[in-house]
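Secondary and tertiary structure notes
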Amino acid sequence: MQWIIRFSGFVSATMVMIVLAPSLQSFHPAEAIRSYHAHIDGHIRLPGGHIPGGVTFQSSFRRASTFRNAAGCEPRRGSGNVCDPSLVHVAITLDFEYLRGSIAAVHSILQHSSCPESIFFHFLVSDTGLKTLVGSTFPQLKFKVYYFDPEIVRKLISTSVRQALEQPLNYARNYLADILEECVGRVIYLDSDLVVVDDVSKLWSTSLGEKTIGAPEYCHANFTKYFTTGFWSNRQYSKIFAKRNPCYFNTGVMVIDLGKWRQSGYTKQIERWMEIQKSDRIYELGSLPPFLLVFAGYVAPIDHGWNQHGLGGDNVKGSCRDLHPGPVSLLHWSGSGKPWLRLDSKEACPLDALWAPYDLYGQWA
């Protein structure tokens, strides 16, 4: 599925819906909006009705419809448990602050998948109470919840340009090879502020060659800005890129060969750079730079359509952005502006309307 898209940020949300027209399963955003209420079977109450900051409220997540495999799906070769070799594995973090985004991401993946029953979700959480909500919202979902202890990484985290980037769960992706079962040899890692509008099996089947991770690369970006002048002036540090051709990549969408990761001990390498950061302040931007230090120049390239990122603006203002020219398989609201917050505040950007059809959140009457 490929959408060829070019339009101004001033185009209305209605026009955006008309321009975007993916074909897979006829579930394009415009149709999803029109048929949205037909996908609702019930309501799920958010445990405790509590969100960080001491605010309590009555809220709900609507129960998603049941998604079944299409006729052409490969027959299962196992029992359907986590070690079934026929499964597609997707890992996403789950917390109260980004819960609405995570649920929408899962919903979008299921809606656009030809074989949704062949997807296994791995949810990384710091609050195991969210397991019940996931199971109630997606009754037929294959998933497992993994507790990520914040103390594992808390002492390694340094201050960032945005407080959200300092949350321990944001670093759980560093430990996927340790957390997931040994039988899981490959996983797609996705951030919570995105929606998938293509069949995720296409991303899953990406060839990594000899590389450990695959991601869309952006070699036109100014790579030097991701590190401080102190880093670049320190020959001991900057020489890490001497024999590479490093390019920026966004860690919110990655295909990871967990077997190669485990063999090479990349978690320890990332932790080492985080330790250096605590003493020498070599970067400013959260969990991304350690990944660049370890992997930039050694990434299997994936089509840019699989991470149309930056829709949340920058890390300060969160202003509206346009899509990059070209195909779209995944829309990513990286940056400080999140679509659910902007929609609720009645200050939505045009592209936020593309996230709304996958939102399962709603207030109780």
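See the structure shown above.
Residues numbered from 1 in each chain as written. Predicted model: local features only at pLDDT ≥ 70, side-chain atom pairs only at ≥ 80, totals over all residues. Heavy atoms only, no water.

1. Section: unusual backbone geometry
A positive phi is found at arginine 281, a non-glycine position, where the angle reads about 50 degrees. Among the secondary structure elements, arginine 281 is positioned in the loop between helix 11 (266-280) and helix 12 (288-295). Phi at lysine 346 is positive, roughly 60 degrees, even though this residue is not glycine. Mapped onto the secondary structure, lysine 346 falls in the loop between helix 13 (339-344) and strand 16 (361-363). For lysine 346, a relative accessible area of 75% translates into the label exposed. (Helix = DSSP H or I, 4+ residues; strand = E, 2+ residues; numbered from the N terminus. Buried < 20%, exposed > 50% of the residue type's maximum accessible area, 1.4 Å probe, protein only.)

2. Regarding the packing of helix 11 against helix 12
For the pair helix 11 and helix 12, the least separation of the axes is 9 Å and the interaxial angle reads 120 degrees. Taken together, helix 11 and helix 12 sit at an angle that is classed as oblique. Between helix 11 and helix 12 the crossing geometry is right-handed. Along the contact surface, helix 11 presents Tyr266, Gln269, Ile270, Trp273 and Met274, while helix 12 presents Pro290, Phe291, Leu293, Val294 and Phe295. Across the contact of helix 11 with helix 12, the residue classes tally to 9 nonpolar, 1 polar and no charged. (Axes fitted to C-alpha atoms, helices over the stretch in contact; angles between N-to-C directions. Parallel < 35°, antiparallel > 145°, perpendicular 65-115°, else oblique. Left-handed = near helix turned anticlockwise from the far one by under 90°. Contact = heavy atoms within 4.5 Å. Nonpolar A, V, L, I, M, F, W, Y, C, P; charged D, E, K, R; others polar.)

3. Re the state of the cysteines
Across all of its chains, the model carries 4 disulfides by this definition. In this model cysteine 320 forms its disulfide with cysteine 349; the gap between the sulfur atoms is 1.9 Å. Here cysteine 320 and cysteine 349 share a disulfide; its torsion about the S-S bond, -85 degrees, makes the bridge left-handed. In this pair, cysteine 320 sits in the loop between strand 14 (299-301) and strand 15 (330-332) while cysteine 349 sits in the loop between helix 13 and strand 16, placing the two residues 29 residues apart along the sequence. Taking the relative accessible area as the measure of exposure, cysteine 320 reaches 42% and is therefore partly exposed. The exposure class of cysteine 349 is buried, given its relative accessible area of 7%. Looking at the protein, its bonded cysteines, counted consecutively from the start of the sequence, adopt the pairing 1-3, 2-4, 5-6, 7-8. (Disulfide = S-S within 2.5 Å.)

4. Brief notes about the environment of phenylalanine 295
Structurally, the position occupied by phenylalanine 295 is in helix 12. Between the alpha carbons of phenylalanine 295 and threonine 212 there is a distance of 8.5 Å; along the sequence they are 83 residues apart. With sequence-adjacent residues up to four places away left out, phenylalanine 295 is seen in contact with Thr212, Ile213, Arg244, Phe249, Trp261, Tyr266 and Ile270.

5. A look at the pattern of salt bridges
Going through the model one piece at a time under the given rule, you end up with 13 salt bridges. Between glutamate 117 and arginine 68 there is a salt bridge, with its nearest N and O atoms 3.2 Å apart. Here glutamate 117, found in the loop between helix 3 (99-112) and strand 6 (119-125), pairs with arginine 68, found in the loop between strand 4 (59-62) and strand 5 (88-94); they are 49 residues apart in sequence, far enough to count as distant. Residues glutamate 271 and lysine 268 are paired through a salt bridge, measuring 3.7 Å at the closest nitrogen-oxygen approach. Here glutamate 271 pairs with lysine 268, and both are found in helix 11, just 3 residues apart, close to one helical turn. Taking the relative accessible area as the measure of exposure, lysine 268 reaches 62% and is therefore exposed. Within this structure, Arg100, Asp344 and Asp359 form a network of salt bridges that share partners. (Salt bridge = Lys/Arg side-chain N within 4 Å of Asp/Glu carboxyl O.)

6. A few points about the sheet that holds strand 7 (residues 142-147)
Within the open sheet, the 7 strands sit side by side as 7-6-5-8-13-10-14. Their pairing is mixed. Of all the strands in the sheet, the pair left with one neighbour each is strand 7 and strand 14. Taken pair by pair, the neighbouring strands of this sheet meet at an average axis angle of 25 degrees, ignoring direction. In the packing of helix 3 onto the sheet, contacts are made with strand 5, strand 6 and strand 8 (186-190), and the angle to strand 5 comes to roughly 165 degrees. Its contacts with the sheet put helix 4 (residues 130-137) on strand 5, strand 6 and strand 7, and the angle it makes with strand 7 is roughly 170 degrees. (Pairing = 2+ DSSP bridges.)

7. Considerations on the pairing of strand 8
Here strand 8 lies mainly inside the structure; 4 of its 5 residues are buried. Here strand 5 pairs with strand 8 via 2 bridges, running parallel. Paired with alanine 91 across the bridge in strand 8 is tyrosine 189. As paired strands, strand 8 and strand 13 (residues 253-257) are joined by 5 bridges and run antiparallel to one another. Paired with arginine 186 across the strands is aspartate 257, a residue of strand 13.

8. Quick notes on helix 4
Along helix 4, the positions that sit buried rather than exposed are Leu130, Leu133, Val134 and Thr137. All buried residues of helix 4 project into a common sector of 100 degrees when viewed along the axis, lining one side. (Arc of directions from axis to C-beta.)

9. Brief notes about the nonpolar core
Residues Leu176, Phe227, Phe249, Ile256, Trp261 and Phe295 are the most contacted members of the largest nonpolar core, which totals 50 residues. For this core, the element with the highest residue contribution is helix 12, accounting for 6 residues. Residues in contact with isoleucine 256, not counting those within four places in the same chain, are Leu176, Gly185, Arg186, Val187, Tyr189, Leu208, Thr212, Ile213 and Trp261. Counting 39 residues, the second-largest nonpolar core is a separate cluster that includes Ala64, Val106, Phe121 and Ile188. (Core = buried A, V, L, I, M, F, W, Y, C linked by side-chain atoms within 4.5 Å.)

10. Brief notes about the packing of aromatic side chains
How two aromatic rings sit relative to each other is set out by the distance from centre to centre and by the angle between their planes. Inspection of every chain in the model, using the stated rule, returns 24 aromatic pairs. A ring pair is formed by phenylalanine 123 and phenylalanine 143, whose centres lie 5.8 Å apart and whose planes are at 65 degrees; its orientation type is edge-to-face. Here phenylalanine 123, found in strand 6, pairs with phenylalanine 143, found in strand 7; they are 20 residues apart in sequence, far enough to count as distant. Under the relative-accessibility criterion, phenylalanine 123 is labelled buried at 1%. (Phe/Tyr/Trp six-rings, centres within 6.5 Å; stacked < 30°, edge-to-face > 60°.)

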